[in-house]
Amino acid sequence: MTNRGYARMSALSVVLVCSALAGWAQPADPALKRTADGNPDLNGVWQAMNMANWDLLAHGSAAGAVSSLGAIGAVPPGEGVVEGGVIPYLPAAVAKKKENFARRWTDDPEIKCYMPGVPRANYMPYPFQIVQGANTVLFTYSYAGAVRTVRMNTKEKPPVDSWMGWSVGHWEGDTLVVDVTSFNDQTWFDRVGDFHSDKLHVVERYTPRSNDVIDYEATMQDPEVFSRPWKIIMPLYRHVEKNAHLLEFQCIEYSEDVLYGHLRHGKGETK
Amino acid sequence: MIARWKSVLIVLAATAVSAAAQNKVPRGADGHPDLSGIWTNASITPFERPRELGSKEIYSEQEAAAYERGHQRDVDKRDDIKGTNADVTLAYNNAWWDPGTKLFKTRRTSVVIDPVDGRIPPLTEERRRQLQVIADARRKRCEQPGCGLENNGQLGPADGPEDRPLMERCLWFNNVAPMISTAYNNNYEIVQTPDFIGIDVEMVHQMRRITVDGSPHIAGNARFWAGDSRGRWEGDTLVIDTTNFRAETAFRGADENLHLIERLTRIDPGTIRYQFTVDDPTAFTKPWTGEVIFVKSEGPLYEYACHEGNEGMSGILAGARAEEKRAMARSRE
């Protein structure tokens, strides 16, 4: 039997076993492309198509930070992606959110080309690529060269807190579920200062609606910042262009003036 | 239940494939060797062969052991260097360096294997002149105060971040394309699919993205630090062809015409033989080739957030400004 034959057989068996299991949420969709191990094939270049990175909540348009950029610099309107339309901040956290908002044009880590964390990395206005190995699923992002490794079914503990967190994955039927912990407290959720602490725990669900659309959900829990878990929901779209490749957007050099400009020769006291 | 069924099927498939291939190297569903996993190329093998070794390509076992002991002695000596000045100018002490303690298990005397003298061929006349002009200009600027030491021990300009070496800026480390052993973080995670291979390079989380779908390189005016990589299989060897580098990458004197050809062969379950050929006719008088051995490693890779934690850059620039200020005060006295 050819390898492809095994792949088909494996996929078919999974379909049969799934169908046989009573109480399984959804029967596997036979139209979905699958990898050799029978799971939906999420390989490819993906991108969100919404304004969540500007503001997770519904918002109208607004002026940007740099008036010389005219319409390019303006904030475009968005429908909002938060289920129920509320981010449930604890009373003490509301003030911090307001402060972040006031300083958003200087303090947003995105300005500094810092790694964006999860889930923000998935809905920035740049593509990312899923590289789906059997034991490891690599998420590689154009922005800042950010990368995260989803370790499948591992019991291994995170060695240290990090910007992109520690991702552990498993399949529930045709849904890739990723549990992300061990974040630092340095990333924001969007450009208006929605934030979290290092107790953030994100559970992501990637469910293919078709071969080219993933229904994406992320549930955030953080006992230091939020009064209850809350969820964002959005589709992720496949780049179907023939030449869709993820290109390197190494943004460090574009952030250096913001970060170090005050230390340039001829600036400040040494002038 | 499902998981168990799946693994039974995978085991069946794998057994059939490996029997057909007559070797123990794991293979993907497409029949190609599977390079997936965590690997390290940490090694103390010198990049170029010491001249006194002439055409000696391989150390005997005794010679290799002696070389490794000698290297360790030199490393240990660094612990004897004491004092604030040494700490500051060396920047990193022994706690940081982690190139391993061993030569590659091939016992080769250098990474460069072609030409036969194990040394990089001379630069072209024109390229040497270009690099000299750049170096002279930098040296001249450092006749004024406000420069900073670079990791080659030379003073370099520090008027702003763009004056500083790419590594200090966390922009680019030269262990990515090609993937050679370096001072530390010599760990790589390969995730392989039939038409794309991703290599996560632990050193400042650089990525190799290798398209294996037969598509051509992107247009020549699009330039990237890691270049534009396309892979293809030649038998059991993955061949990666990379062009479109930025000129600043400048691997060992290469320019923007660098054409890098890399060959990865999993010669046994625990080993990848990695050879790279540097072809750049405007920079080198002839192409040259190096060999690096990757061995299986435990992992996990750590997230190396270099730019996010780059306090060093602020310190270097602030130090240069302080020096300028002091020099100005002295000139007023």
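Note: the structure precedes this text.
A brief structural summary. If you're wondering where the values come from, they're calculated on a predicted model, not measured in any experiment.

Here's the deal with the overall build of chain A
- Tallying secondary structure elements over chain A gives five helices and nine strands in all.
- Put simply, of all contacts in chain A between residues at least 6 apart along the chain, 59% involve residues at least 24 apart.

Some thoughts on the environment of N122(A)
Residue and element names in this part refer to chain A.
- Structurally, N122 can be placed in helix α4 (residues 120-123).
- When the C-alpha atoms of N122 and Y141 are compared, they prove to be 8.3 Å apart, with 19 residues separating the residues in sequence.
- Leaving out residues up to four positions away in the same chain, N122 has contacts with A48, F128, Y216 and L236.

Here we look at the interface of chain B and chain A
- Taken together, the contacts link 49 residues of chain B with 46 residues of chain A.
- The residue inventory of the side of chain B that touches chain A, partitioned by class, reads 23 nonpolar, 13 polar and 13 charged.

Notes on the sheet that holds strand β8 (residues 213-221) of chain A
Residues and elements named next belong to chain A.
- Spatially, the nine strands close up into a barrel ordered β1-β2-β3-β4-β5-β6-β7-β8-β9, and their pairing is mixed. In this sheet, neighbouring strand axes are inclined to one another by 25° on average, regardless of whether the strands run parallel or antiparallel.
- Bridge count for strand β5 (residues 166-172) against strand β6 (residues 175-181) is seven bridges, and the pairing is antiparallel. Bridged to V168 within β6 is D179.

Things to note about the pairing of strand β12 (residues 288-296) of chain B
Residues and elements named next belong to chain B.
- Pairing between strand β1 (residues 37-40) and β12: two bridges, direction antiparallel. Across the sheet, the residue bridging to T40 is V295, located in β12.
- When strand β2 (residues 112-114) meets β12, the two strands line up antiparallel, connected through two bridges. Residue pairing across strands places D114 opposite T289, the latter belonging to β12.
- Bridge analysis of strand β11 (residues 271-279) against β12 gives eight bridges, and the strand direction is antiparallel. Paired with R273 across the two strands is I293, which belongs to β12.

Some points on the nonpolar core
- A52(A), F139(A), Y141(A) and A146(A) are the most contacted members of the largest nonpolar core, which has 101 residues in total.
- With near-sequence residues (within four places) excluded, A52(A) lies in contact with G78(A), V81(A), Y123(A), D190(A), I232(A) and M234(A).
- Counting residues in each nonpolar core, the second largest holds seven residues, with C147(B), A158(B), I316(B) and A320(B) among its members.

Details of helix α2 (residues 61-78) of chain B
- With 18 residues, α2(B) extends 26 Å between its outermost C-alpha atoms, agreeing within 8% with the 26 Å of an ideal straight helix rising 1.5 Å per residue.
- In terms of residue burial, α2(B) counts as a barely covered element, since only one of its 18 residues are buried.

Section: the environment of I272(B)
Residue and element names in this part refer to chain B.
- With respect to the secondary-structure elements, I272 resides in strand β11.
- Judged by the 24 C-beta atoms lying within 10 Å of it, I272 falls in the buried class.
- For the pair formed by I272 and V295, sequence separation is 23 residues and the distance between their alpha carbons is 6.4 Å.
- Excluding residues that lie within four positions of it along the chain, I272 makes contacts with L35, W39, L264, T265, R266 and F294.

Criteria and cut-off values
Residues numbered from 1 in each chain as written. Chains lettered and ligands numbered in written order. Predicted model: local features only at pLDDT ≥ 70, side-chain atom pairs only at ≥ 80, totals over all residues. Helix = DSSP H or I, 4+ residues; strand = E, 2+ residues; numbered from the N terminus. Contact = placed C-beta atoms within 7 Å. Nonpolar A, V, L, I, M, F, W, Y, C, P; charged D, E, K, R; others polar. Pairing = 2+ DSSP bridges. Axes fitted to C-alpha atoms, helices over the stretch in contact; angles between N-to-C directions. Core = buried A, V, L, I, M, F, W, Y, C linked by C-beta atoms within 7 Å. Buried ≥ 20, exposed ≤ 12 C-beta atoms within 10 Å, placed from the backbone. Expected span 1.5 Å × (residues − 1).

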